[in-house]
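What the coordinates show
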Amino acid sequence: ANAQRIPFTRVRLTAGSADETVNSLTIERRGLSSDAVLSSVVLLDETGNQLGTEKTFNSEHKATIGSPITIKAGQTRTLTVAGNRSAAASAGGQSVSLSVTAVNGASATGLPVMGTTHIVNETLTIGSANVSASPMNPNANATKAVGTKGYTFASVKVTAGSAEKVRITSVRWYQSGSAT
């Protein structure tokens, strides 16, 4: 199953009068969740490219992520701490957040930085709808003169699932093929 990458925290790092090298960031899992709610955590650069390898939490709910980057004197880099979720999980009602607790290899102020808290719930059942052709659907191409009135060109049937009500707010038709 595919993993889902969720951004949690953005960190702005600015170098002073000299270049600074950041070797990694130490992050901590916080919130009312287990460490397993995230299969791994990563550090992303400004373009979304992963820096370093995916890491899992240690026994203190922490991980050291990223790879060495240099921030030029007077420049700022914005990095994103993200968590990976397994698509096949069964966490119900857990709230998880990630906090940056250390910038390794460079001086840093303003720590810890805690990001957004996410509620994880794969056990929630939401509404569904099944759409099919209804018995009144003509199921065939038809040639009609311009101005024909009262002709059923399509008919659909929407059946709501049993979990909750479903509201249809619009139906959109599009031309597929040629029209003469």
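You'll find the structure just up there.
Reference entry: report on the structure contained in this document. (Residues numbered from 1 in each chain as written. Predicted model: local features only at pLDDT ≥ 70, side-chain atom pairs only at ≥ 80, totals over all residues. Heavy atoms only, no water.)

**Describing the pattern of salt bridges**
- In total, this model carries five salt bridges according to the counting rule given.
- With a closest N to O distance of 4.0 Å, Glu54 and Arg5 form a salt bridge. You can see Glu54 sitting in strand 5 (residues 50-55) and its partner Arg5 sitting in strand 1 (residues 3-14), a full 49 residues away along the chain.
- Using a relative accessible area of 35% as the deciding quantity, one classes Arg5 as partly exposed.
- The closest approach of N and O atoms between Arg30 and Glu28, which form a salt bridge, is 3.3 Å.
- Among the residues examined, Glu28 registers a relative accessible area of 18% and is labelled buried. (Salt bridge = Lys/Arg side-chain N within 4 Å of Asp/Glu carboxyl O. Helix = DSSP H or I, 4+ residues; strand = E, 2+ residues; numbered from the N terminus. Buried < 20%, exposed > 50% of the residue type's maximum accessible area, 1.4 Å probe, protein only.)

**Regarding the environment of Val103**
- In this structure, Val103 sits in strand 9 (residues 92-104).
- In the structure, Val103 is positioned 44 residues away from Ser59 in sequence and 20 Å away in space, judged by C-alpha atoms.
- If we skip the residues at most four places from it in the chain, Val103 touches Leu13, Val22, Ser24, Leu25, Ala108 and Leu111. (Contact = heavy atoms within 4.5 Å.)

**Topic: unusual backbone geometry**
- Cis rather than trans, the peptide bond between Leu111 and Pro112 has omega equal to 0°.
- On the secondary structure map, Pro112 appears in the loop between strand 9 and strand 10 (113-114).
- Residue His61 is not a glycine yet carries a positive backbone phi of 65°.
- Considering the arrangement of structural elements, one finds His61 in the loop between strand 5 and strand 6 (62-65).
- Among the residues examined, His61 registers a relative accessible area of 31% and is labelled partly exposed.

Keep in mind these values describe shape, not function.
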